[in-house]
Amino acid sequence: MAEIADRVSKSGRGKSAGGPALLFENVKGYPGSRVLMNQFGSERRMKLALGLDPDSGSLDDIAGRIRALLEVKSPEGFLEKLKMLPMLADIGKFFPKTISAKDAPCKEVIHRDNFSVLDFPVLQTWPLDAGRFITLPCVVTRDPKTGKRNIGMYRMQVYDGRTTGMHWQRQKNAAEHLRERLRAASGNASARVNAMAETSGGTANITLTNLDLANNKLEVAVAIGTDPATTFSAIVPAPPEVEEFLIAGFLRQQPVELVKCATVDLEVPAHAEIVLEGYVRLDELRAEGPFGDHTGFYTMAEDYPVFHITCITHRKDPIWSATVVGKPPQEDAWMGKAVERIFLPLFRLTLPEIVDINLPVEAVFHNLMVVSIRKSYAGHARKVMNGVWAMGQAMFTKCIIVVDEDCDVQNLTEVTLRVANNIDPERDIQFTLGPVDSLDHASRMPNYGSKMGIDATRKWPAEGFTRPWPPMIEMDDATKSRVDAIWKKLGIL
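Since this is a predicted model, take the numbers as computed values, not measurements. (Residues numbered from 1 in each chain as written. Predicted model: local features only at pLDDT ≥ 70, side-chain atom pairs only at ≥ 80, totals over all residues. Heavy atoms only, no water.)

### As for the sheet that holds strand S12 (residues 267-269)
Right, on to step 1. Spatial strand order, S3-S11-S12: 3 strands in an open sheet with mixed pairing. Pairing within the sheet leaves two strands with one partner each, and these edge strands are strand S3 (97-98) and S12.
Right, on to step 2. Where S3 meets strand S11 (residues 257-260), 2 bridges bridge the pair, whose relative direction is parallel. In the sheet register, Thr-98 faces S11, and the bridge partner there is Leu-258. (Pairing = 2+ DSSP bridges. Helix = DSSP H or I, 4+ residues; strand = E, 2+ residues; numbered from the N terminus.)

Structural data, given as structure tokens:
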């Protein structure tokens, strides 16, 4: 199944790029089972997932809605407050709502005893994978301090029927929730908690003399097979104070219906296909991996927290959702490009000089960002580089290329021309040290290494460039218009 999905994801061109969604039926060893793959793997399906018209809609339409929200100013007078009421009412419609268990499809079957996650067709994707992995889970945790819920997507290696790995990297919100629980359970023994935080999953196999064993766990719920907008929301780099359930409601223009879990104090999407309930212990790690990752390489085994399953609920005939993670392009390429377009307004909120950004699929997103800017002063490109590295998950961007606003960053041929021609390597390449992605196998140390910025903008005298800067070659408009008028008659192309 993984090989079929991999070939399909790399097939097609233009509007047919990414191939069709795949529904595998009657998986060997799992009578009556169904597995859905490549559900996000095309531009058309990505639009459908986010509630857009697949033929005429654009991902920039959602960016426009976000921009409109960001541009709302505080009302100064009574009339302005009245004018805002309809908008506030619309926003209020997007908040999640909780429904009863009897109305929740994910509660049609409840297993409190004699269950196994291996009753479902969990896939092993690549030959050197350490085993079977759940690859498209929506992992729900709650911030112990604020009570806000978070949805993240972290791969889960299945160890046996009731335990899995929980591959949340230290910078993820769920890992921070675990650290908060550690601080509370250890009586705020900060030195010991910080020692724990140095490990991959934010905890460690060490004994805390004052650990509160009665509260030695963080509750977790995992929803598999949620509606597309909710699944997508699990990967977006949202601020910790914004719940992904609200983002999903905003994207689909209707609230996400939630239901209380049976054995943990969390809520999950009521229309999910399958829900795993359980907990992660604060003092337990286990080797997780290797795993064929989206970088195109295997990430090697490291210690991560262990998820203990206490209950499984599901629909009567659940569909297992999975994705292939590997060399691009895969279906996550379409999800990543959607994040790029939708969150451009948030980049501009901090750096308004940004015109556009491109996270090339071939660079697996976090390895390269191309940014076009309206350059206004000497050193402006370097200011933008440092600004990007200071923004949330963008801090992991290994290479940033900055070009002028007249360069189309989505056209890598044009970008390459600018970079190759516009830089003096010694002058225009900047190196810095800082946090890097946990999956970066080339960094000098895990999670820490160097990053590079390339200033490919035109250089100004104020930047020490005193030679004349040549204009780019461009045909004049009059000549282009004359040829446009006779182009079809020429019959050349």
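### Looking at the nonpolar core
Right, on to step 1. Grouped together as the largest cluster of nonpolar side chains are 40 residues, with contacts concentrated most on Ile-134, Met-166, Trp-168, Val-222, Leu-276, Phe-307 and Trp-320.
Right, on to step 2. At the level of elements, helix H1 (2-9), strand S1 (22-25), strand S2 (34-37), strand S8 (156-160), helix H5 (173-185), strand S10 (217-224), strand S13 (274-288) and strand S16 (302-314) are the ones that each hand at least two residues to this core.
Right, on to step 3. It is H5 that provides the largest number of residues to this core, a total of 5 residues.
Right, on to step 4. Among all residues touching Ile-134, those that are not within four sequence positions of it are Val-117, Val-122, Tyr-154, Arg-155, Met-156, Val-158, Ile-224, Leu-276 and Trp-320. (Core = buried A, V, L, I, M, F, W, Y, C linked by side-chain atoms within 4.5 Å. Buried < 20%, exposed > 50% of the residue type's maximum accessible area, 1.4 Å probe, protein only. Contact = heavy atoms within 4.5 Å.)

### Structural notes on the packing of aromatic side chains
Any aromatic ring pair is given by two values, namely how distant the centres are and how the planes are angled relative to each other.
Right, on to step 1. Enumeration over the complete set of coordinates arrives at 5 aromatic pairs.
Right, on to step 2. Their ring planes at 80° and their centres at 5.7 Å tell us that Phe-94 and Phe-250 sit as a pair that is edge-to-face. Note that Phe-94 is positioned in the loop between helix H4 (78-92) and S3 and Phe-250 in helix H8 (residues 244-252), a separation of 156 residues in sequence. Exposure class is identical for Phe-94 and Phe-250. Each is buried.
Right, on to step 3. Here Phe-133 and Phe-291 contribute two aromatic rings whose centre-to-centre distance is 4.6 Å and whose plane-to-plane angle is 50°, an arrangement assigned as tilted. Of this pair, Phe-133 sits in strand S5 (residues 133-134) while Phe-291 sits in strand S14 (residues 291-292); the two residues are 158 residues apart in sequence, bridging distant segments of the chain. Like Phe-133, the residue Phe-291 is buried in the burial classification.
Right, on to step 4. Directly above the ring of Tyr-279 sits Lys-217, whose terminal nitrogen or CZ lies 4.1 Å from the centroid. (Phe/Tyr/Trp six-rings, centres within 6.5 Å; stacked < 30°, edge-to-face > 60°. Lys NZ or Arg CZ within 6 Å of the ring centre and 35° of its normal.)

### Description of the sheet that holds strand S19 (residues 368-373)
Right, on to step 1. One open sheet holds the 5 strands; their spatial order is S18-S19-S20-S22-S21, and the pairing between them is mixed. Looking at the sheet topology across the chains shown, the edges are occupied by strand S18 (354-358) and strand S21 (429-435). Along the sheet, successive strands turn relative to each other by an average axial angle of 20°, direction set aside.
Right, on to step 2. Two elements, S21 and strand S22 (residues 448-455), share 7 bridges in a ladder whose sense is antiparallel. Opposite Gly-434, over in S22, you have Gly-449 as the bridge partner. (Axes fitted to C-alpha atoms, helices over the stretch in contact; angles between N-to-C directions.)

### With respect to the environment of Met-369
Right, on to step 1. One can find Met-369 in strand S19.
Right, on to step 2. Measuring from C-alpha to C-alpha, the distance between Met-369 and Lys-398 comes to 8.3 Å, with 29 residues separating the pair along the chain.
Right, on to step 3. Look past the residues within four positions of Met-369 in its chain and what remains in contact with it is Phe-347, Ile-357, Asn-358, Leu-359, Val-388, Thr-397, Cys-399, Ile-400 and Ile-401.

### Concerning the environment of Ala-363
Right, on to step 1. Checked against the element boundaries, Ala-363 lands in the loop between S18 and S19.
Right, on to step 2. Residue classification places Ala-363 among the buried residues on the basis of a relative accessible area of 14%.
Right, on to step 3. Along the chain, Ala-363 and Thr-295 lie 68 residues apart, while their C-alpha atoms are 8.1 Å from each other.

### Points about the confidence of the model for the chain
Right, on to step 1. Model confidence for the chain is summarised by a mean pLDDT of 88, while 89% of its residues fall at 70 or above.
Right, on to step 2. Low pLDDT, under 50, characterises residues 195-199; the predicted model gives this stretch 14 contacts beyond four residues in sequence or across chains. (pLDDT = per-residue confidence, 0-100.)

### Points about the side chain of Thr-231
Right, on to step 1. As for its position among the elements, Thr-231 is in helix H7 (residues 228-233).
Right, on to step 2. Not counting residues up to four positions away in its chain, the partners in contact with Thr-231 are Phe-40, Leu-136, Cys-138, Met-153 and Thr-226.

### What to know about helix H11 (residues 380-389)
Right, on to step 1. In terms of burial, H11 is a largely internal element, 7 of the 10 residues being buried.
Right, on to step 2. Those residues of H11 that fall on the buried side of the exposure criterion are His-380, Ala-381, Val-384, Met-385, Gly-387, Val-388 and Trp-389.
Right, on to step 3. On its buried face, H11 is in contact with helix H10 (344-350), S18, S19, strand S20 (399-404), S21 and S22.

### Some thoughts on a nonpolar patch on the surface
Right, on to step 1. A surface patch of nonpolar side chains, about 620 Å² in accessible area, is lined by Val-483, Ile-486, Trp-487, Leu-490, Ile-492 and Leu-493.
Right, on to step 2. On the secondary structure map, Val-483 appears in helix H14 (residues 477-490). (Patch = residues over 30% accessible without salt bridge, like charges linked within 9 Å, V, L, I, M, F, W, Y side chains within 5 Å. Areas by Shrake-Rupley, 256 points an atom, 1.4 Å probe, with all protein chains shown as cover. Salt bridge = Lys/Arg side-chain N within 4 Å of Asp/Glu carboxyl O.)

### Some remarks on the pattern of salt bridges
Right, on to step 1. In total, this model carries 38 salt bridges according to the counting rule given.
Right, on to step 2. With a shortest N-O distance of 3.0 Å, Glu-243 and Arg-149 are connected by a salt bridge. Placement of Glu-243 in the loop between H7 and H8 and of Arg-149 in strand S7 (residues 149-152) is noted, with a sequence separation of 94 residues between them. Each member of the pair, Glu-243 together with Arg-149, is buried.
Right, on to step 3. Across the salt bridge formed by Arg-183 and Glu-180, the nearest N and O atoms sit 3.1 Å from each other. With Arg-183 and Glu-180 both in helix H5 and 3 residues apart, this pair spans about one turn of that helix.
Right, on to step 4. Taking relative accessible area as the criterion, Arg-183 reaches 24% and is therefore assigned partly exposed.
Right, on to step 5. Connected through salt bridges with shared partners, the residues Arg-142, Arg-149, Glu-243, Lys-260, Asp-265 and Glu-267 form a single ionic network.

### What about the pairing of S8?
Right, on to step 1. Counted residue by residue, S8 has 4 buried out of 5 residues, so it is predominantly covered.
Right, on to step 2. Adjacent in sequence and paired antiparallel, S8 and strand S9 (residues 163-165) are bridged by 2 residues.

### Examining the pairing of S20
Right, on to step 1. Most of S20 is tucked away, with 6 of its 6 residues classed as buried.
Right, on to step 2. With 6 bridges joining them, S19 and S20 adopt parallel strand pairing. Paired with Leu-368 across the two strands is Cys-399, which belongs to S20.
Right, on to step 3. In this fold, S19 hands off to H11, which returns the chain to S20; that crossover is right-handed.
Right, on to step 4. Summarising the sheet, S20 and S22 pair through 4 bridges and their orientation is parallel. Of the residues in S22, the one forming a bridge with Ile-401 is Ile-454. (Right-handed = clockwise from strand over helix to strand, strands pointing away.)

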